Amino acid sequence: MQASPLTHRTGGHDGAPIGNHLPSLGAAESRYVAEALASGWISYAGPYVARFEQQLAAALGFEQAVSLASGTCALQLAFELIDAPGTGVLMPALTFAAPASAIVRAGMTPIFVDLAAGDWQLDARRLEVFLAERCRPVDGGIEERDTGRIISTLCVVHLFGGLADIDRLHAIAARHGLHVVHDMAQCLGASFAGEAPGRRSVPAGAGHVLATTSFNANKIVTTGAGGALLGNDPALIARARHVSSTAKTNPYSFEHDAYGLNLRMSNLCAALGVAQLERLETMRQAKRRIDRRYREAIPRLMPAARFAILDPRVEDNAWMSTVRLPGPAEPVIRALQADSIQVRPLWVPLPDLPIYRGFAGPGAFEVADDLWRRAMMLPSGADLTDAQVDRVVDAIAGACR
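Read on for a plain summary of the structure. (Residues numbered from 1 in each chain as written. Predicted model: local features only at pLDDT ≥ 70, side-chain atom pairs only at ≥ 80, totals over all residues. Heavy atoms only, no water.)

Some words on the overall build of the protein
Next up, step 1: When helices and strands are tallied, the protein shows twelve helices and 14 strands.
Next up, step 2: For the protein, whose C-alpha radius of gyration is 21 Å, the value lies close to the compact-globule estimate of 21 Å for 401 residues.
Next up, step 3: If you line up the protein on its principal axes, its C-alpha atoms span 60 × 60 × 40 Å.
Next up, step 4: Across the 401 residues that make up the protein, the buried fraction comes to 55%.
Next up, step 5: For the protein, the accessible surface area stands at approximately 16400 Å², while carbon and sulfur atoms represent 55% of it.
Next up, step 6: When the 38 positive and 40 negative side-chain charges of the protein are each reduced to one mean point, those points stand 3 Å apart. (Helix = DSSP H or I, 4+ residues; strand = E, 2+ residues; numbered from the N terminus. Rg over C-alpha atoms; globule rule 2.2 N^0.38 Å. Buried < 20%, exposed > 50% of the residue type's maximum accessible area, 1.4 Å probe, protein only. Areas by Shrake-Rupley, 256 points an atom, 1.4 Å probe, with all protein chains shown as cover. Lys, Arg positive; Asp, Glu negative; His and termini not counted. Charge placed at Lys NZ, Arg CZ, Asp CG, Glu CD.)

Describing the nonpolar core
Next up, step 1: Residues Phe79, Met108, Phe112, Leu229 and Leu371 are the most contacted members of the largest nonpolar core, which totals 49 residues.
Next up, step 2: Looking at this core, the elements with two or more residues in it are strand 1 (64–68), helix 3 (71–82), strand 2 (88–92), helix 4 (98–105), strand 6 (150–157), helix 7 (234–243), helix 11 (366–374) and strand 14 (375–377).
Next up, step 3: The element that contributes the greatest number of residues to this core is helix 3, accounting for eight residues.
Next up, step 4: With near-sequence residues (within four places) excluded, phenylalanine 79 lies in contact with Val89, Pro99, Ala102, Ile103, Ala106, Met108, Thr153, Cys155 and Val181.
Next up, step 5: Ile166, Phe215, Leu280 and Ala382 belong to the second-largest nonpolar core, a separate cluster that totals 35 residues. (Core = buried A, V, L, I, M, F, W, Y, C linked by side-chain atoms within 4.5 Å. Contact = heavy atoms within 4.5 Å.)

Looking at the sheet that holds strand 14
Next up, step 1: Spatially, three strands are ordered 12-14-13 in an open sheet, and the strand pairing comes out antiparallel. Unpaired on one side and paired on the other, strand 12 (322–324) and strand 13 (344–345) mark the two borders of the sheet.
Next up, step 2: Taken together, the two bridges between strand 13 and strand 14 define a ladder with antiparallel strand orientation. Directly across from arginine 344, in strand 14, lies its bridge partner methionine 377. (Pairing = 2+ DSSP bridges.)

Structure follows, in structure tokens:
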């Protein structure tokens, strides 16, 4: 989601535009980028790249991180590393299209699973029912009864700044021999049972476990543009570094041993990211304060409005405060946009998009469809003031009357 003309830094009750998710930028960001410029390390190597990767791996709880040009590049690389063309990948029916597109481009097939009505994360219960009733075990894995397609991977997209039930999903993956790709683009800074998500144990029987994230301008931490792939398997991470840097085998001559691409992040972007990661907890707390204000104020004015019910084991990062309205969201979104308040609709459920209808799989997607029609993403940048939040709340209440 790119910035629009509404997203300059103004606000209050004076009618000035309120952006959806402005980046929070401080003095260190300017200083570190200037230092990178002065050093001459402005391309795909430099001290800030290594520093950023180390800090990011620690923040998400993985052994290593590989910084990349975008979150989408990270997803594409993750599914290529899984290396299971022709197989199915289980994933949530409601999310941004990038993981589904990466699955298809890796020669795999997305199989969509609805969200849970409570926390609006991938519904582990529905996933278990699907695997038990619509699939059967085969040598070394599991396949769909109707299609005969082997299911190789579970893609867990952690939504809205919260976390899905990592422990339960890891246990499901282990029972069925599935690889796991965690899309953590929305949840950097969140924790599960007091731990960074990458530190949660994975039972024996699961395949590779990888994570990806994004640093687009609307994420809690931004590098302007960028992403990363993370993991704990040294050989797999080494492969990721090799393939994402054109698969050169000799630094002094142009010899390549694989179909590599240049997917790397620049030192300039990494410098911005280092400064952002240094302020991650401060920004997370600011966003949680904003989210609490929405959660307290909106139901007072509209008792039928709903927010996701947070798992008590999860400390979220409140990436994008999202409310489910009593009625259709579209007219409310239009009214607030006309008032220069940049709210956003949710993503179209992926099985409803023509390009994915052939991959939809069995079952309905009631929760995903309901959220798409009735929910909206509220302004959630870390620098929002109380006055701006109150103006958003008043505008929603007025538009819903």
